[in-house]
Amino acid sequence: DGISELSLEMNPLCVVDSVLQDVICKNSCKAQNTLVALNLSGCKGLTPQGLKSLKCLQRLEELALRGLPLSHDKTLETLVQQLCQLQGLDFSYCGGVGDEGMLAVIRYGSQNKLERLALAGCTEITEDSLDELVNYKPLVQRLKSLSLAGIELVDDTIAQIVRNCTHVQALD
């Protein structure tokens, strides 16, 4: 047995990458084998390099990183590609998440078990990548929750979401 859920949301202990790497990935085989839910939202001291260390958490099903200042989409791509068991992913209000990150979610999210996706406030995501998302059936037909609040949507995209995301139970 070990920790299955861990929330360090807004926790000052979580301000540097070395703490995250040491506590979760380097020194804790138990965490690697048992942790299924991790919330690091608001831990603004973490860098994309530190977040990439999360790829060791192969059983992780839920990951929340709301409000982290990601400098580029590669962090999102690495996490979605490596964490094959993800069912829920929250990158809401993360600076630096744009079209490349969205395309990575589409590409790799369809290969894993992604059912809940929160990208609210990711204003760098454009209509083009949203069109790709809502028209990529292997992923959208599995989504149960989709959060795009704060992202500009045109009427056609909203209609496509309603038409294609047939299993969505929560949409904002």
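What you see is a predicted model, and the numbers here were worked out from it, not measured in a lab.

**Side note on the overall build of the chain**
Here is step 1: Scanning the chain for helices and strands turns up eight helices and seven strands.
Here is step 2: Among the 172 residues that make up the chain, the fraction classed as buried is 49%.
Here is step 3: If you take every contact in the chain between residues at least 6 apart in sequence, the share linking residues at least 24 apart comes to 79%.
Here is step 4: Per element, the accessible surface of the chain, about 8,200 Å² overall, is 51% carbon and sulfur.

**Considering the nonpolar core**
Here is step 1: Ranked by size, the top nonpolar core spans 44 residues in total, and within it L63, L89, F91, V97, L117 and L119 carry the most contacts.
Here is step 2: Those elements that provide at least two residues to this core are α4 (74-82), α5 (99-109), α6 (127-135) and α7 (137-140).
Here is step 3: If one sorts the elements of this core by residue count, α5 sits on top with five residues.

**Focus: the sheet that holds strand β1 (residues 5-7)**
Here is step 1: Strand order in the open sheet made by the seven strands is β1-β2-β3-β4-β5-β6-β7, with parallel pairing throughout. Two strands bound the open sheet, and with one partner strand each, they are β1 and β7 (170-171).
Here is step 2: The pairing of strand β5 (residues 116-118) with strand β6 (residues 145-147) spans three bridges and is classified as parallel. Note that in β6 the partner of R116 across the bridge is S145.

**Section: unusual backbone geometry**
Here is step 1: Positive phi, normally seen in glycine, also occurs at Y93, with a value near 60 degrees.
Here is step 2: Looking at the secondary structure, you find Y93 in the loop between β4 (88-90) and α5.

**A closer look at the side chain of S129**
Here is step 1: Along the polypeptide, S129 turns up in helix α6.
Here is step 2: The residues touching S129, leaving out its near neighbours within four places in the chain, are D99, M102, L103 and I106.

**A closer look at the pattern of salt bridges**
Side chains carrying opposite charge are able to pair once their charged atoms draw close together.
Here is step 1: A full pass over the atoms with the stated rule returns five salt bridges.
Here is step 2: Its salt-bridge partner being E62, residue R116 comes within 2.0 Å of it at the nearest N-O pair. Here the residue R116 occupies a position in strand β5, and E62 occupies one in strand β3 (residues 62-64), the gap between them amounting to 54 residues.
Here is step 3: Here E115 and K144 are joined by a salt bridge, their closest N and O atoms 3.8 Å apart. Within this pair, whereas E115 is found in the loop between α5 and β5, its partner K144 is found in the loop between α7 and β6, the two being separated by 29 residues in sequence.
Here is step 4: On the accessibility criterion, K144 (35% relative accessible area) is partly exposed.
Here is step 5: Residues joined by salt bridges that share partners form a network here, namely E62, E115, R116 and K144.

**Quick word on the environment of A104**
Here is step 1: By the element assignment, A104 lies in helix α5.
Here is step 2: Sequence spacing of A104 and T78 is 26 residues, and the spatial spacing of their C-alpha atoms is 8.5 Å.
Here is step 3: What A104 contacts, discounting residues up to four positions off in sequence, is E77, V80 and G109.

Cut-offs and rules
Residues numbered from 1 in each chain as written. Predicted model: local features only at pLDDT ≥ 70, side-chain atom pairs only at ≥ 80, totals over all residues. Heavy atoms only, no water. Helix = DSSP H or I, 4+ residues; strand = E, 2+ residues; numbered from the N terminus. Buried < 20%, exposed > 50% of the residue type's maximum accessible area, 1.4 Å probe, protein only. Contact = heavy atoms within 4.5 Å. Areas by Shrake-Rupley, 256 points an atom, 1.4 Å probe, with all protein chains shown as cover. Core = buried A, V, L, I, M, F, W, Y, C linked by side-chain atoms within 4.5 Å. Pairing = 2+ DSSP bridges. Salt bridge = Lys/Arg side-chain N within 4 Å of Asp/Glu carboxyl O.

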